[in-house]
Amino acid sequence: MDKTLISGSMAMLLLKLLSEGDKYGYEMIEALRQRSQNVFELKAGTLYPLLHGLEEKGLLTSYEKKVGGKVRKYYSITTDGKKVLKAREEEWREYSRAVLNVLA
């Protein structure tokens, strides 16, 4: 799949995952891969810069938690992140309907 199609929607997809509950990086990578039937195969080197950018914009927060002897960094969506997610979902639905109408 064309990477430019994927990159524009990845922030929305990450926000969506986090709207369902806090997650750490590998957990997000696996959820995206499974739900997309292997279309979204994100690498850590792509994921973490996206997460850091969303955190800098105040859309996510992070915290560390010890799990099974390992310290993992979890990400959580903020109130502003939920607002942005809602707006992006609406924009995406409108965009995808328009594309489907043109392709039909």
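Quantities reported herein were computed from a predicted structural model and do not represent experimental measurements.

Note that soluble globular proteins tend to have their nonpolar side chains buried in a common cluster. If you look at the biggest cluster of nonpolar residues, it comprises 21 residues, and the most contacted ones within it are Leu14, Met28, Leu32, Leu51 and Leu60. Those elements giving two or more residues to this core turn out to be α2 (10-19), α3 (25-35), α4 (44-56) and β3 (70-77). The biggest single contributor to this core is α2, with seven residues. Residues in contact with Leu60, not counting those within four places in the same chain, are Leu15, Leu18, Leu51, Leu54, Glu55, Tyr75, Ser76, Ile77 and Thr78.

Hydrogen bonds between backbone groups are what pair the strands of a sheet, and the pairing can be parallel or antiparallel. The strand order β1-β3-β2 describes an open sheet built from three strands, whose pairing is antiparallel. Since the sheet does not close on itself, it has two edges, and those belong to β1 (23-24) and β2 (60-67), each with one partner. When β1 meets β3, the two strands line up antiparallel, connected through two bridges. Its bridge partner being in β3, Lys23 is matched across the sheet by Tyr75. Along the sheet, α2 contacts β1, β2 and β3; its crossing angle with β3, the most-contacted strand, is approximately 105 degrees.

Looking now at the confidence of the model for the chain. In this model, the chain carries an average pLDDT of 92, and 92% of its residues clear a pLDDT of 70 or more. Mean pLDDT across the elements of the chain ranges from a minimum in helix α1 (residues 3-7), with 60, to a maximum in β1, with 98.

This brings us to the packing of aromatic side chains. Within the structure shown, the criterion is met by three aromatic pairs. Considering the side-chain rings of Tyr24 and Tyr74, the 5.4 Å spacing of their centres and the 75 degrees angle between planes classify their relative orientation as edge-to-face. Placement of the pair is Tyr24 in strand β1 and Tyr74 in strand β3, with a sequence separation of 50 residues. You can call Tyr74 buried: its relative accessible area is 10%. Here the aromatic rings of Trp92 and Tyr95 are separated by 5.7 Å at their centres, their planes lie at 40 degrees, and the arrangement is tilted. With Trp92 and Tyr95 both in helix α5 (residues 79-103) and three residues apart, the pair spans about one turn of that helix. The ring of Tyr74 is capped by Lys65, whose NZ or CZ atom sits 5.6 Å from the centre of that ring. Over the ring of Tyr24 we find Arg72, and its NZ or CZ is 4.3 Å from the ring centre.

Before going further, it helps to spend a moment on the packing of α3 against α4. Contact pair α3 / α4: the axes reach a minimum separation of 10 Å and the direction vectors enclose 110 degrees. Considering the angle they form, α3 stands roughly perpendicular to α4. In this structure, α3 crosses over α4, and the sense of that crossing is right-handed. Counting all contacts with α3, which are made through Gly25, Tyr26, Met28 and Ile29, the residues of α4 involved are Ala44, Leu47, Tyr48 and Leu51.

Rules used in this analysis
- Residues numbered from 1 in each chain as written.
- Predicted model: local features only at pLDDT ≥ 70, side-chain atom pairs only at ≥ 80, totals over all residues.
- Heavy atoms only, no water.
- Core = buried A, V, L, I, M, F, W, Y, C linked by side-chain atoms within 4.5 Å.
- Buried < 20%, exposed > 50% of the residue type's maximum accessible area, 1.4 Å probe, protein only.
- Helix = DSSP H or I, 4+ residues; strand = E, 2+ residues; numbered from the N terminus.
- Contact = heavy atoms within 4.5 Å.
- Pairing = 2+ DSSP bridges.
- Axes fitted to C-alpha atoms, helices over the stretch in contact; angles between N-to-C directions.
- pLDDT = per-residue confidence, 0-100.
- Phe/Tyr/Trp six-rings, centres within 6.5 Å; stacked < 30°, edge-to-face > 60°.
- Lys NZ or Arg CZ within 6 Å of the ring centre and 35° of its normal.
- Parallel < 35°, antiparallel > 145°, perpendicular 65-115°, else oblique.
- Left-handed = near helix turned anticlockwise from the far one by under 90°.

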